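# Examining the three-dimensional arrangement
Next come the chains, spelled out residue by residue.
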Amino acid sequence: MQSPHLLDLAIVGGGVAGVIHLHYARQSDLDALLLEKQGGVGGLWRQLPQWQDIQISPADWALGDLPLGGPKQPHILANIEAWVERFGLADRIRLDTPVSRARYTGTCWEIDTPQGTMRARHLVAATGGHNTPAIPEVLRHESAVRELHSSALRDPAELTGREVLVVGGGASAFDLLDLCLEYKARRIVWAYRGLRWFTPTGKPKIIAGSVRPYAKMQVNGMTVAQQNAMIGTDLLARYEKFGIQSIQPKKPLDVRQDQLIPGRTRMLASFGELERHSGSVETIEGRDVTLSDGSRFAVDVLLWGTGYQTDLSYFEEPRLARIRTVEELASRCACIFRSLDAPDLYFPGVGLDGIGSAPWAFMLMARSVMSHIRGTAQLDMEPLACRLNHFDIVRYLAERDSGTYGGERDWNFYRDLAMGAPDDQPYPVL
């Protein structure tokens, strides 16, 4: 695959972000190529167990007339594959092509793969901020405990009748607790160092995870402080209603930093069955697990709901290669996605731990990346003090990419879209 010419754009990673960026590169008449290490597109969604799902409603995830049959892994993978077919992208995708090294030569990017080296003026690193399972370091001695990260639990039925320890205080841990209850684990111990906000509700996630009310707050001009106050008051009332103040986060909700996770119905209904410990795993010896709070108990299975790290080791630039968390990566980006450590390098989705739809955000950012490559956008190099999410991204990019967003008239279009789109209808492909 030795590239005989200089591409306009190389895209590393064939998940939803990579595929969407390839579509808008073609729409902008840019010579682009996408490199994917797996045998098919989908990124992390190709690897995840079938029970894994999105944290928002299917209508908020889907774009335009691209099908989404439901919120779980097979549906999301099919949706990403639908982008490739719907927009005829297959001829610009190279599967089974892992990138071993990416380096900036001073004039362009050189990307090494087993099939050869390609050269491109610009590089979109769409390998994701969360691409490597994060498992804390633990002292182990003759461990007899079966350990599984949330991404590796293929068959939840193996939890039936088992004594299980779930570790983590965010979305993955909440899902694992629900699975333990659904598949009737004999004992469920839950350990966490910190807790994330979520929305206690009796509604399923596909309803509770709607971002439409939040979009309306944004386009109505509510300040971040007003959004925090309104949502925070509602959450406090919900935690009290369900009697779960004991797992209420200590820090107030901040929509510029926190992901608003929908509630888990089984976890709430059976909250009293969960043995809760505020601490981390220190040692595993045989079947015995000891926590940092001194607790010690025997378990069969340990489920790590501890999220993901960032792996950028394929970059030759040391400042990039040593980044391990999405927070570090976000601090090294300007204008949402522009790298501060190398020229003509973009990291889509670095700040998407807030509230909103990932495909929607990728679509907005991809359009401005292409405008920047064509020279029609003025994307600055000022680091962001906080993350941006959902419709705030439109307002932010419109100030820097008027050729794409068209000023106030275009903002009125997005405002009407947020206010008028039915909750069960997807946002359009723009």
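I will try to describe carefully the structure that is included in this document. (Residues numbered from 1 in each chain as written. Predicted model: local features only at pLDDT ≥ 70, side-chain atom pairs only at ≥ 80, totals over all residues. Heavy atoms only, no water.)

## A few points about the layout of surface pockets
There is about 440 Å³ of room inside the second largest pocket. In terms of lining, the second largest pocket is formed by 20 residues, of which the most central are Asp 53, Lys 72, Asp 178, Lys 205 and Arg 266. Per-element tally for the lining of the second largest pocket: the top contributor is helix α5 (residues 171–182), with four residues. Considered class by class, the residues forming the lining of the second largest pocket number nine nonpolar, two polar and nine charged. (1 Å grid on protein atoms, 1.4 Å probe; cavity = no way out; pocket = protein on both sides within 12 Å on 5 of 7 lines; lining within 4 Å. Points joined across faces, edges and corners; volume = space filled by probe spheres on them. Helix = DSSP H or I, 4+ residues; strand = E, 2+ residues; numbered from the N terminus. Nonpolar A, V, L, I, M, F, W, Y, C, P; charged D, E, K, R; others polar.)

## A short note on helix α7 (residues 212–219)
For α7, a buried count of six out of eight residues is recorded, marking the element as mostly surrounded by other parts of the structure. Among all positions in α7, only Arg 212, Tyr 214, Ala 215, Met 217, Gln 218 and Val 219 are buried. Two residues or fewer after α7 comes Gly 221, characterised by a positive phi angle close to 90°. (Buried < 20%, exposed > 50% of the residue type's maximum accessible area, 1.4 Å probe, protein only.)

## Concerning the side chain of Asp 8
For Asp 8, the position within the fold is in strand β1 (residues 6–12). A residue is classified by how much of its surface remains accessible, and Asp 8, at 18% relative accessible area, is buried. Within the structure, the side chain of Asp 8 is placed 2.8 Å from the backbone nitrogen of Asp 31, a separation counted as a polar contact. (Polar contact = N/O pair within 3.5 Å; in protein donor to acceptor, adjacent residues only side chain to side chain.)

## Description of the packing of helix α1 (residues 16–27) against helix α4 (residues 73–86)
The geometry of α1 relative to α4 is characterised by a closest axis approach of 10 Å and an angle of 15° between their N-to-C directions. Looking at the two axes, α1 sits roughly parallel to α4. Here α1 runs over α4; the crossing is left-handed. Where α1 abuts α4, its residues Val 16, Val 19, Ile 20 and His 23 lie against Ile 80, Trp 83 and Val 84. Partitioned by chemical class, the residues of the contact of α1 with α4 number six nonpolar, one polar and no charged. (Axes fitted to C-alpha atoms, helices over the stretch in contact; angles between N-to-C directions. Parallel < 35°, antiparallel > 145°, perpendicular 65-115°, else oblique. Left-handed = near helix turned anticlockwise from the far one by under 90°. Contact = heavy atoms within 4.5 Å.)

## As for the sheet that holds strand β16 (residues 288–291)
Taken together, four strands build an open sheet; the order of strands is β8-β15-β16-β17 and the sheet is mixed. A strand with exactly one partner marks an edge of an open sheet, and here the two such strands are β8 (139–141) and β17 (296–298). Here the strands of the sheet are splayed against their neighbours by 20° on average, with no regard to which way each runs. As paired elements, strand β15 (residues 281–285) and β16 share four bridges and run antiparallel to each other. Bridge pairing links Thr 283 to Thr 290 in β16. (Pairing = 2+ DSSP bridges.)

## Points about the sheet that holds strand β10 (residues 163–167)
Pairing is parallel in the open sheet, where five strands are placed in the order β9-β18-β10-β11-β14. Two strands close off the open sheet at either side, each with one partner strand: β9 (146–149) and β14 (275–278). The mean angle between the axes of side-by-side strands here comes to 20°, regardless of whether they run parallel or antiparallel. Pairing of strand β11 (residues 187–192) with β14, which is carried by four bridges, proceeds in the parallel orientation.

## Regarding the nonpolar core
In terms of nonpolar packing, the biggest core is built from 100 residues, with Trp 190, Leu 303 and Trp 360 touching the most fellow members. A total of ten residues in this core trace back to one element, the largest contributor, which is helix α12 (residues 358–374). With 25 residues, the next largest nonpolar core counts Ala 10, Val 12, Met 118 and Leu 320 among its residues. (Core = buried A, V, L, I, M, F, W, Y, C linked by side-chain atoms within 4.5 Å.)

## Digging into the packing of α1 against α12
At a closest axis distance of 9 Å, the pairing of α1 and α12 adopts a crossing angle of 40°. Classed by the angle they form, the pair α1 and α12 counts as oblique. Along this stretch, α1 crosses α12, giving a crossing that reads as right-handed. Taking contact as the criterion, the partners of Val 16, Ala 17, Ile 20, His 21, Tyr 24 and Ala 25 in α1 are, on α12, Pro 359, Phe 362, Met 363, Met 365, Ala 366, Arg 367, Val 369 and Met 370. Broken down by class, the residue content of the contact of α1 with α12 amounts to twelve nonpolar, one polar and one charged.

Purely spatial values, then, with no claim about function.
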